[in-house]
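Residue-level structure breakdown
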Amino acid sequence: MSSIKVTVGLVPYGGVKYLPYSLPTLLEQDYPNIEFLILDQEEGKYTATKWVETERPEWLKRADWSQGPNLMHSGGMNRLMSRMTGDIFICVSQDMLYPKDFVSKIAKFFQEHEDFDFATARLLRWDFEKLAKTNTID
């Protein structure tokens, strides 16, 4: 199943408080053929990058980090897609938790359904204050 190369794109902006929780769920996926592209758009601040450099420098080796002007979410994702080397692109958010098999399930779906061009995850609300997942669709 790992013949498809997957590019996972993240555009953090503010919200550094989520990174200690959300980023590990992305970086610890069970799918072996992934490239992570992260574009920090907080012009002049780059707080996500600074936080990772200080608190979790080992994560810098797991992803391709870059900084740039604020192109908003879609502009940032378009910039990442222009650099992707994967067969499919998964757009993710900094304020979500991802199951360990999130990427492998999407890759499997695309291998089994070549006529599909787009997929998204079912988004369940995250109760950040309690650090708990809910069953409420967001």
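Computed from a predicted structure; not experimentally measured.

1. Here's the deal with the confidence of the model for the chain
Low pLDDT means the predicted coordinates in that region are not meant to be read closely. A residue-level look at the chain finds 98% of positions with pLDDT of 70 or above and a mean pLDDT of 89. The weakest mean pLDDT in the chain belongs to strand β5 (residues 124-127) at 78; the strongest belongs to strand β2 (residues 34-40) at 96.

2. Focus: the pattern of salt bridges
According to the stated counting rule, one finds 4 salt bridges in the structure shown. Measuring nitrogen to oxygen at the nearest pair gives 2.7 Å for the salt bridge that ties D64 to R83. Placement of D64 in strand β3 (residues 64-67) and of R83 in the loop between α3 (72-81) and β4 (88-92) is noted, with a sequence separation of 19 residues between them. Given the relative accessible area of 35%, D64 is considered partly exposed. Looking at R83, the relative accessible area reads 32%, which means it is partly exposed. Residues K108 and E112 are paired through a salt bridge, measuring 3.7 Å at the closest nitrogen-oxygen approach. Here the residue K108 and the residue E112 both occupy positions in helix α4 (residues 102-112), the gap between them amounting to 4 residues, near one helical turn. Owing to a relative accessible area of 42%, K108 belongs among the partly exposed residues under this scheme.

Thresholds, definitions, all that
- Residues numbered from 1 in each chain as written.
- Predicted model: local features only at pLDDT ≥ 70, side-chain atom pairs only at ≥ 80, totals over all residues.
- Heavy atoms only, no water.
- pLDDT = per-residue confidence, 0-100.
- Helix = DSSP H or I, 4+ residues; strand = E, 2+ residues; numbered from the N terminus.
- Salt bridge = Lys/Arg side-chain N within 4 Å of Asp/Glu carboxyl O.
- Buried < 20%, exposed > 50% of the residue type's maximum accessible area, 1.4 Å probe, protein only.

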